[in-house]
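For reference, the chains in residue letters:
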Amino acid sequence: MKKFWFFLGGFVFSALLFFWISAEVYYSNSPESCMSCHEMKVFYNTWKNSVHGLADKGALRARCVDCHLPHTSLYAYLFTKAKAGLHDWQAHISGKMNSPEKWLAYLRQREFAPGKPTAFDSGCRQCHKVLIGDGIPIKAIKAHKAYLIGETNKTCVSCHRSV
């Protein structure tokens, strides 16, 4: 009987831990959560006024996690989210990145670093599935075709820098 209660207690604890972690992941997916650190407010305001933000300038609304986390697998998404979250928390607590200027300098240095994207194509492609279609300029069609067949190493933000 003791084993039963131990097993049941472990099961209940695990279930509560799972739901707590799920709730935290869900909450931390919101732009307001990303903006909760004072140095992120400038990025939040930039997003809010962009075509993907709250300004109703574009057809699509995106959250921070839609662009800044990979959408290739659940593991990649959660691992990158945890890694980036720990990095940002440590940078916030230590004062290493306690101003928008320090973040911008860090992002400029990292922007074209191989394997360290600040935005992931898999996020762009979640919404932008059709890259070649009516109304797209010839130059864009050529660039998108090269991208789709793997003739270029450029990413979405290599050309679309203002998103």
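Figured I'd write up the structure that's included with this text.

So, how was this worked out
Counting of residues starts from 1 at the beginning of each chain's written sequence and follows it residue by residue. Reporting in this predicted model follows two pLDDT cut-offs: at least 70 for local features of residues, and 80 or more for side-chain atom pairs to be given and counted; totals over whole chains, interfaces and linings ignore these cut-offs and use all residues. Hydrogen atoms and water are omitted, and side-chain values are computed over all heavy atoms in the structure. Helical segments are the DSSP runs of H or I of at least four residues, strand segments are the runs of E of at least two, and each set is numbered from the N terminus. Methods summary: accessible areas were calculated by the Shrake-Rupley approach with a probe of 1.4 Å, and residue burial reflects only the protein chains presented. The set of buried Ala, Val, Leu, Ile, Met, Phe, Trp, Tyr and Cys residues whose side-chain atoms join them within 4.5 Å is what this entry labels a nonpolar core. The cut-offs for exposure are 20% and 50% of the maximum accessible area for each residue type, with area from a 1.4 Å probe on protein chains only; residues under the lower value are buried, those over the upper are exposed, and the others partly exposed. Contacts are residue-level and defined by heavy atoms, with any inter-residue pair within 4.5 Å sufficient. Every patch collects residues that have over 30% relative accessible area and no salt bridge, joining them within 9 Å if they carry like charges and within 5 Å if they are nonpolar side chains (Val, Leu, Ile, Met, Phe, Trp, Tyr). Between Lys or Arg on one side and Asp or Glu on the other, a salt bridge is scored when a side-chain nitrogen of the former is within 4 Å of a carboxyl oxygen of the latter. Pairing of aromatic side chains requires ring centres within 6.5 Å, counting the rings of Phe and Tyr and the six-membered ring of Trp. Pairs whose planes differ by under 30 degrees are stacked, by over 60 edge-to-face, and all others tilted. Expected span, for any helix, means 1.5 Å times one less than how many residues it has. What the arc describes is the spread of directions from the helix axis to the C-beta atoms. We call a pair of cysteine sulfur atoms a disulfide when they lie within 2.5 Å.

Re the overall build of the chain
In step 1: Each helix and strand counted, the chain has nine helices and zero strands in total.
In step 2: Starting at the N terminus and ending at the C terminus, the chain contains elements arranged as α-α-α-α-α-α-α-α-α.
In step 3: Counting only carbon and sulfur atoms, one obtains 66% of the accessible surface of the chain, whose full area is about 12100 Å².

Looking at the nonpolar core
In step 1: Judged by nonpolar contacts, Met40, Ala91, Met97, Trp103 and Tyr106 together constitute the single largest core of five residues.
In step 2: The contact partners of Trp103, leaving out residues within four places of it in the chain, are Glu39, Met40, Phe43, His87, Asp88, Ala91 and Met97.

So, a nonpolar patch on the surface
In step 1: Residues Met1, Phe4, Trp5, Phe7, Leu8, Phe11, Val12 and Leu16 make up a contiguous nonpolar surface patch of roughly 930 Å² in combined accessible area.
In step 2: If you trace the backbone, Leu8 turns up in helix α1 (residues 2-27).

Considerations on the packing of aromatic side chains
In step 1: The tally for this structure, following the rule as stated, stands at three aromatic pairs.
In step 2: When the ring of Tyr44 is compared with that of Trp47, the centres are 5.4 Å apart and the planes differ by 45°; the resulting orientation is tilted. With Tyr44 and Trp47 both in helix α3 (residues 41-48), this residue pair falls three residues apart, about one helical turn.
In step 3: Plain terms: the ring middles of Tyr75 and Phe79 are 5.7 Å apart, the flat faces sit at 15° to each other, and that makes the pair stacked.

Brief notes about the environment of Met35
In step 1: One can find Met35 in the loop between α2 (31-34) and α3.
In step 2: A sequence separation of 29 residues divides Met35 from Cys64, and the C-alpha atoms of the two residues are 9.7 Å apart.

Details of the pattern of salt bridges
Think of it this way: side chains of opposite charge can pair up when their charged atoms draw near.
In step 1: This structure, assessed with the given rule, holds one salt bridge.
In step 2: With a closest N to O distance of 3.0 Å, Arg63 and Asp66 form a salt bridge.
In step 3: By relative accessible area, which is 35% here, Arg63 ends up partly exposed.
In step 4: The exposure class of Asp66 is buried, given its relative accessible area of 18%.

Some remarks on helix α5 (residues 74-94)
In step 1: Its 21 residues give α5 an end-to-end C-alpha distance of 30 Å, which sits within 8% of 30 Å, the value for a rise of 1.5 Å per residue.
In step 2: Buried within α5 are the following residues: Ala76, Tyr77, Thr80, Lys81 and Ala91. Buried residues in α5, looked at end-on, bunch into an arc of 120°, giving them a common side. For α5, the exposed residues set more than 90 degrees away from the buried face come down to Leu74, Tyr75, Lys83, Leu86, Trp89 and Ile93.
In step 3: Gly95, located one to two residues past α5, shows a positive phi value of around 85°.

Observations regarding the state of the cysteines
In step 1: This model, assessed by the stated rule, comprises zero disulfides.
In step 2: Of all cysteine sulfurs in the structure, the one in Cys156 sits closest to Cys124, which takes part in no disulfide; the separation is 3.9 Å.

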